[in-house]
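# Structural overview
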Amino acid sequence: MDSINKLIELFREFPGIGPRQAKRFVYFLLTKHAGYTQEMSRLIADIKDQIHTCESCFRFFPKDHSPLCQVCRDTSRDDTSLMIVSRDVDFENIERTRAFNGYYFILGGNLPVLEKNPETKIREKQLISLVEKKVAKGLTEIIIALDYNPEGEHTREHIERVLHNNPLSSHIKITHLGRGLSTGSELEYTDADTIKNALKSRI
Ligand SMILES: [Zn+2]
């Protein structure tokens, strides 16, 4: 396979990218000057070394001296609440609203509705182990903040079941984002006011 087709195949693996868009990306790269493509390949080559996964919330963050990201190591945040989101982009969008001051957990995606092995698709075990640690620090509420679409709802019901089945959660209130989110909403594309309202009216 020549390098054009090889690159097209690689771009096709990106989320939401079909064969036509993948092809457009490759031809776009061919129109750019060498400095652009060199910087891009350098950044891609280094990204795994430069970026770490936080040991607590599983968010990606620029590598430094700590195994914890800036949010998890911030002791001024509210220990009583933990918010579960699907992906890093959802965390970023919610954090930008400044409407939430607790800690986060990144599930790593949503569960497909017919998934037979849910524990392999999302960080279920890691969530339980974080909840155990947070309970010892005074956790009283877990807010499930997932996309308001069939996959997000399915994931929420699954997580609620997993949490309710754990004796630890008997004194934790488990809530989820409330009114304001319209059906089909993906948190990544939801505006700040809508998120703030959904958080205020959590149920
Ligand atoms: Zn973290």
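A brief report on the enclosed structure follows. Quick caveat: nothing in here was measured; it's all calculated off a predicted structure.

We now examine the coordination of the zinc ion. The coordination sphere of the zinc ion, as far as protein atoms go, consists of Cys54 (SG), Cys57 (SG), Cys69 (SG) and Cys72 (SG), spread over 2.3 Å. Angles of 106 to 115 degrees at the metal separate the 4 donor atoms of the zinc ion, which places the site in the tetrahedral class. Counting along the primary sequence, the residues that act as donors to the zinc ion give the motif C-x2-C-x11-C-x2-C.

Across all of its chains, the model carries 8 salt bridges by this definition. Note that aspartate 90 and arginine 87 form a salt bridge whose closest N and O atoms lie 3.2 Å from each other. Given a relative accessible area of 28%, arginine 87 falls into the partly exposed group. By sharing partners, the salt bridges in this structure join Arg87, Asp90 and Asp147 into a single network.

Now for the nonpolar core. Side chains of a nonpolar character, in soluble globular proteins, are inclined to be buried together. Counting residues in each nonpolar core, the largest one holds 21 residues, and the members touching the most others are Leu82, Ile84, Leu127, Val131, Ile142, Ile159 and Leu163. If you list the elements that add at least two residues to this core, you get strand 3 (81–85), strand 4 (103–106), helix 6 (124–136), strand 5 (141–144) and helix 7 (150–164). By residue number, the principal contributor to this core is helix 6, which donates 4 residues. The next biggest cluster of nonpolar side chains, apart from the first, holds 20 residues, and it includes Phe61, Cys69, Ile94 and Leu199.

Calculation rules
- Residues numbered from 1 in each chain as written.
- Predicted model: local features only at pLDDT ≥ 70, side-chain atom pairs only at ≥ 80, totals over all residues.
- Heavy atoms only, no water.
- Donors = N, O, S within 2.8 Å, 3.2 Å for Na, K, Ca; no water.
- Tetrahedral: all angles 85-135°; square planar, octahedral: opposite > 155°, others 65-115°.
- Salt bridge = Lys/Arg side-chain N within 4 Å of Asp/Glu carboxyl O.
- Buried < 20%, exposed > 50% of the residue type's maximum accessible area, 1.4 Å probe, protein only.
- Core = buried A, V, L, I, M, F, W, Y, C linked by side-chain atoms within 4.5 Å.
- Helix = DSSP H or I, 4+ residues; strand = E, 2+ residues; numbered from the N terminus.

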